[in-house]
Amino acid sequence: MEKIVIVTGGAGYIGSHTVVELFLAGYTPIIIDDFRNSKPWILDRITQIVGKEITAHTVDCQNELAFNEVLSTYKAIYGIIHFAADKAVGESVNQPIKYYQNNIGSLCVVLNALKKFDIKNFVFSSSCTVYGETLTPVVTEESPIMPPASPYGDTKIIGERIIQNYWKTTSDAKVMLLRYFNPIGAHPSALIGELPQGIPNNLMPYITQTAKGKRDSLTVFGGDYHTPDGTAIRDYIHVSDLAIAHVKALTYLEKSSTKLFDYLNIGSGKGTSVLELIKTFEEVNHLKLNYQIGNRRPGDVEQIFANADKAKKIIDWTCKFSLKDALLHAWEWEKSLTT
Ligand code: UD1
């Protein structure tokens, strides 16, 4: 029997890569996306990669009636992977209600649907942002959840709690929360990748757009951190590795005969500074970036990277792509874009 998996935000950056990996692993992904942060042509690109058209519904997940109407057209739904959310940290500070309304509102619609349609398996897109200003640079799943640095971060902390409270009321729900570190790169085919709207907030698309000449120069936010080269340290992972983690999480849930609630760090386990990332990008792609050191960005933590041992142990997941692969693929993707 085919295993239908609803992927909310399935046309987005991480969602589209996950749809590809789900399909390759034998699942039937169904996309629900309102394209607020993607473009419909991404669907054609997914088709080019997997050789089959993937069904997609243009629906805002906050619209409970429309969401349920889509789900009611499928006989048995195997699981939901919920990506649909806003994710720009800075914007969330200026427009907090937009973030609470969309990120929490959509999540509640999805959780109601799990119950209504008796869907057992659920994977949630969480973030290392839940660890906030960390006590140690390397975090395990047992590291304390700290006060959020932004409303975006708060939606992830609250979201995790809402899911846990929902789960407690069920007799057989199986839930995995994935706390991502910093996804970068693009599919090795360069057919799908990140599509930032306007000026990118995140480092990787800012680097590739600067390399392409779309931005004049990159500002490194802070050169006076207590790190070896003074710049902030993050844990960058290839987006396809992150996508595979979702498939493995789903397969793990499937194998469990009892209800289950767990959370996993999804990171490489290696810290890389902003300057190291820039230098490696220049080296692997044989180019020079125009950049300068500027002020720290408010809300940024100094350094954070994953202890991802639990993901290795529980779902047998580790990164297959290197940092260099991710930087090569990010550049290939940027070059393929016409705008
Ligand atoms: C943030 C969130 C993360 C979220 C991600 C999604 C926090 C602590 N982290 O990651 O949970 O999943 O956004 O958008 O809330 N940088 C520059 N110049 C730039 C842009 C960035 O130097 O032009 C630096 C930043 O200061 C940071 C690093 O690059 O040190 C990575 O930044 P970014 O890509 O924005 O991701 P995070 O802020 O780590």
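What you are looking at is a predicted structure, and each value in this text was computed from that prediction instead of being measured.

A.B. asks: Would you mind showing me how to read the layout of surface pockets here?
C.D. replies: Space left empty within the atom packing is revealed by a probe, the size of a water molecule, rolled over the atoms. Taken as a whole, the second largest pocket encloses approximately 280 Å³ of empty space. For the second largest pocket, the lining is made up of 15 residues, of which W41, L195, P196, L337 and T339 are closest to its centre. Contributing elements (two or more residues each) for the lining of the second largest pocket: α2 (41-50) and α11 (323-336). Here the lining of the second largest pocket is built from residues that sort into four nonpolar, six polar and five charged.

A.B. asks: Any chance you could explain helix α9 (residues 274-285) here in plain terms?
C.D. replies: Helical geometry: 3.6 residues make up each α-helical turn, so side chains three or four residues apart lie on a common side. The first and last C-alpha atoms of α9 sit 17 Å apart over twelve residues, in line with the 16 Å expected at 1.5 Å per residue. Counting buried positions over the twelve residues of α9 gives nine, a clear majority of the element. Downstream of α9 by a residue or two, H286 has a phi angle that is positive, lying close to 50°.

A.B. asks: Would you take a moment to explain α2 for this structure?
C.D. replies: When α2 is considered as a whole, its buried residues turn out to be I42, L43, I46 and V50. On an axial view of α2, the arc spanned by its buried residues comes to 105°, and they lie on one face. At its buried positions, α2 is contacted by α1 (13-24), β2 (28-33), β3 (56-58) and α11. A positive backbone phi angle near 80° is found at G51, which sits one or two residues after α2.

A.B. asks: Hey, could you run me through the environment of P144 in this one?
C.D. replies: The topology assignment puts P144 in the loop between β6 (138-139) and α6 (151-168). Spatially, the C-alpha atoms of P144 and Y74 are 40 Å apart, while their sequence positions differ by 70 residues. Discounting residues that sit within four places of it in the chain, P144 has contacts with Y131 and L135.

A.B. asks: Looking at this structure, how should I read the site of the ligand?
C.D. replies: Taken together, 20 residues surround the ligand, and among them S127, T219, F221, R234 and D300 come closest. Here an oxygen atom of the ligand and a side-chain polar atom of T129 are 3.0 Å apart. With respect to the ligand, the side chain of Y152 contributes an N or O atom lying 3.2 Å from an oxygen atom. When the ligand is considered free in solution it has 750 Å² of accessible area, and contact with the protein chains removes 92% of it.

A.B. asks: Sorry if this is basic, but what is going on with the packing of helix α5 (residues 96-116) against α6 here?
C.D. replies: Packed helices, taken two at a time, are described by their axes: the angle between them and the distance between them. Taken N-terminus to C-terminus, the directions of α5 and α6 make an angle of 20°; their axes are 10 Å apart at the nearest point. Between α5 and α6, the interaxial angle falls into the category roughly parallel. In terms of crossing hand, the pair formed by α5 and α6 is right-handed. Contacts between α5 and α6 involve P96, Y99, Y100, N103, I104, L107, L111, L114 and K115 from the former and P151, Y152, D154, T155, I158, G159, I162, I163 and Y166 from the latter. Its residues assigned to classes, the contact of α5 with α6 comprises 13 nonpolar, three polar and two charged.

Calculation rules
Residues numbered from 1 in each chain as written. Predicted model: local features only at pLDDT ≥ 70, side-chain atom pairs only at ≥ 80, totals over all residues. Heavy atoms only, no water. 1 Å grid on protein atoms, 1.4 Å probe; cavity = no way out; pocket = protein on both sides within 12 Å on 5 of 7 lines; lining within 4 Å. Points joined across faces, edges and corners; volume = space filled by probe spheres on them. Helix = DSSP H or I, 4+ residues; strand = E, 2+ residues; numbered from the N terminus. Nonpolar A, V, L, I, M, F, W, Y, C, P; charged D, E, K, R; others polar. Expected span 1.5 Å × (residues − 1). Buried < 20%, exposed > 50% of the residue type's maximum accessible area, 1.4 Å probe, protein only. Arc of directions from axis to C-beta. Contact = heavy atoms within 4.5 Å. Near = heavy atom within 4 Å. Polar contact = N/O pair within 3.5 Å; in protein donor to acceptor, adjacent residues only side chain to side chain. Areas by Shrake-Rupley, 256 points an atom, 1.4 Å probe, with all protein chains shown as cover. Axes fitted to C-alpha atoms, helices over the stretch in contact; angles between N-to-C directions. Parallel < 35°, antiparallel > 145°, perpendicular 65-115°, else oblique. Left-handed = near helix turned anticlockwise from the far one by under 90°.

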